[in-house]
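# A closer look at the structure
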Amino acid sequence: MQEKKVQIGDPVILTFDGIPGLEIPGKVKFIRPYGEKKRGDITYTVTIAPDRWDERLRWNITAQIAIAPLR
């Protein structure tokens, strides 16, 4: 089975522990081309652009992001 890779344009869903039931769709806008070693893993910074905003959101609120690679 071939592993799907995250790419620019892939859809995402943002959810928030502090606001149950809120789901905001968005898309992957940028993937940093070079990884960084963090705690023994190589990680890549991914920038997400939400499709809309919700007035209940505040700076530093914790979010979970589910990315659904299309390819």
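Preceding this section is the structure that the text describes.
Remember, predicted model here, so these are calculated numbers, not experimental data. Every chain is numbered on its own, with residues counted from 1 as its sequence reads. Reporting in this predicted model follows two pLDDT cut-offs: at least 70 for local features of residues, and 80 or more for side-chain atom pairs to be given and counted; totals over whole chains, interfaces and linings ignore these cut-offs and use all residues. Neither water nor hydrogens contribute to the side-chain values; these are computed over all heavy atoms in the structure.

### Some thoughts on the overall build of the chain
Just so we agree on the cut-off: Starting at the N terminus, helices and strands are each numbered in turn, a helix being any DSSP run of H or I of at least four residues and a strand any DSSP run of E of at least two. Each residue's exposure class comes from its accessible area (1.4 Å probe, protein chains only) as a fraction of the maximum for that residue type: buried when under 20%, exposed when over 50%, partly exposed otherwise. The contact definition used throughout considers only heavy atoms, calling two residues in contact when any of these lie within 4.5 Å. His is not counted here, nor are the chain ends, while Lys and Arg score as positive and Asp and Glu score as negative. Charge positions come from single atoms, namely NZ of Lys, CZ of Arg, CG of Asp or CD of Glu.
Within the chain, the secondary structure is distributed over zero helices and six strands. The secondary structure elements of the chain, listed N-terminal to C-terminal, are β-β-β-β-β-β. Overall, the C-alpha framework of the chain stretches about 35 × 30 × 20 Å when taken along its three principal axes. Out of the 71 residues belonging to the chain, those deemed buried represent 17%. Relative to all contacts within the chain whose residues are 6 or more apart in sequence, the contacts with residues 24 or more apart total 53%. When the 12 positive and 9 negative side-chain charges of the chain are each reduced to one mean point, those points stand 5 Å apart.

### Let's talk about the pairing of strand S2 (residues 23–31)
Regular strands place side chains that alternate from one sheet face to the opposite one. Put simply, the rule is: Two strands form a pair only when DSSP identifies at least two bridges running between them.
As paired strands, strand S1 (residues 11–16) and S2 are joined by five bridges and run antiparallel to one another. Residue pairing in the sheet places Thr-15 in a bridge with Glu-23 of S2.

### Considering the side chain of Asp-54
The test is simple: A 3.5 Å cut-off defines polar contacts: any pair of N or O atoms within that distance qualifies, except that in protein one atom must be a possible hydrogen donor and the other a possible acceptor, and neighbouring residues in sequence count only when both atoms are side-chain atoms.
Tracing the backbone through its elements, the reader meets Asp-54 in the loop between strand S5 (46–50) and strand S6 (63–67). A distance of 2.8 Å separates the side chain of Asp-54 from the backbone nitrogen of Arg-56, its partner in a polar contact. In this structure, Asp-54 is in contact with Leu-22 and Ile-24, ignoring residues within four places of it in sequence.

### Looking at unusual backbone geometry
Even without glycine at this site, Arg-39 takes up a positive phi of about 55°. Looking at the element boundaries, Arg-39 is found in the loop between strand S3 (36–38) and strand S4 (41–43). Not every positive phi belongs to a glycine, and Asn-60 is a case in point at roughly 70°. Classification of Asn-60 by relative accessible area gives exposed; the value is 78%.

### What to know about the nonpolar core
Rules: Only buried residues count toward a nonpolar core, which is a set of Ala, Val, Leu, Ile, Met, Phe, Trp, Tyr and Cys residues joined through side-chain atoms within 4.5 Å.
Val-12, Leu-14, Phe-16, Ile-19, Leu-22, Ile-24, Val-28, Ile-48 and Leu-57 together form the largest nonpolar core, which totals nine residues. When contributions to this core are tallied by element, the ones reaching two or more residues are S1 and S2. Counting residues per element, this core draws most heavily on S1, at three residues. Other than its neighbours up to four places away in sequence, Leu-14 contacts Leu-22, Glu-23, Ile-24, Pro-25, Ile-48, Gln-64 and Ile-65.

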